[in-house]
Amino acid sequence: MIGVVWERRGLCVVPTIRWTSLDDLALVCSGVARESLIAVSNYGSRRDPELRSIFERGLPAVAERLDPAAMLVFGDTRSRVFDSLRKSTRIVEYLPPTATSVKGVRGRELAGCEPLFDLADVTK
């Protein structure tokens, strides 16, 4: 609900889509505009094979339901699931704060929105 309030006040809101089961996909995608900018994160699933599998099987379904204009990915995009998504969706990777660089472009360039903070400041 806070995203709705912010959006009504003119702020750009990027919904983060998260699921822990493939049964969650309909719920987590409900209310998210098709062809919009979305964010996902695989930080919590990299070391757990079951969670990684759920993430990798769910991501194409999320992309199919929402047909996002672009997807901000907080985490590693070396998985094969991203290879097929790159054909139809712009993928922007933000590596963990311990990484030495941030790949891709800033969110403002994707969505035409001015961010509240600069990600480079957070990752220093």
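Residues numbered from 1 in each chain as written. Predicted model: local features only at pLDDT ≥ 70, side-chain atom pairs only at ≥ 80, totals over all residues. Heavy atoms only, no water.

**Re the pattern of salt bridges**
Then comes step 1: In the structure shown here, the tally under the stated rule is 3 salt bridges.
Then comes step 2: One salt bridge in this structure joins arginine 78 and aspartate 76, with 2.6 Å as the shortest N-O distance.
Then comes step 3: Relative accessible area serves as the criterion here: at 15%, aspartate 76 is assigned to the buried category.
Then comes step 4: Where aspartate 83 meets arginine 86, a salt bridge forms, and the shortest distance between an N and an O atom there is 3.6 Å.
Then comes step 5: By relative accessible area, which is 43% here, aspartate 83 ends up partly exposed.
Then comes step 6: Among the residues examined, arginine 86 registers a relative accessible area of 39% and is labelled partly exposed. (Salt bridge = Lys/Arg side-chain N within 4 Å of Asp/Glu carboxyl O. Buried < 20%, exposed > 50% of the residue type's maximum accessible area, 1.4 Å probe, protein only.)

**Side note on unusual backbone geometry**
Then comes step 1: A positive phi angle, close to 60°, is found at glutamate 35, a residue other than glycine.
Then comes step 2: Mapped onto the elements, glutamate 35 comes out in the loop between helix 2 (25-29) and strand 1 (37-41).
Then comes step 3: Positive phi, normally seen in glycine, also occurs at aspartate 67, with a value near 45°.
Then comes step 4: By secondary structure assignment, the location of aspartate 67 is in the loop between helix 3 (49-66) and strand 2 (70-74).
Then comes step 5: The class for aspartate 67 is partly exposed, based on a relative accessible area of 30%. (Helix = DSSP H or I, 4+ residues; strand = E, 2+ residues; numbered from the N terminus.)

Read these as layout, nothing more, since geometry by itself doesn't imply function.
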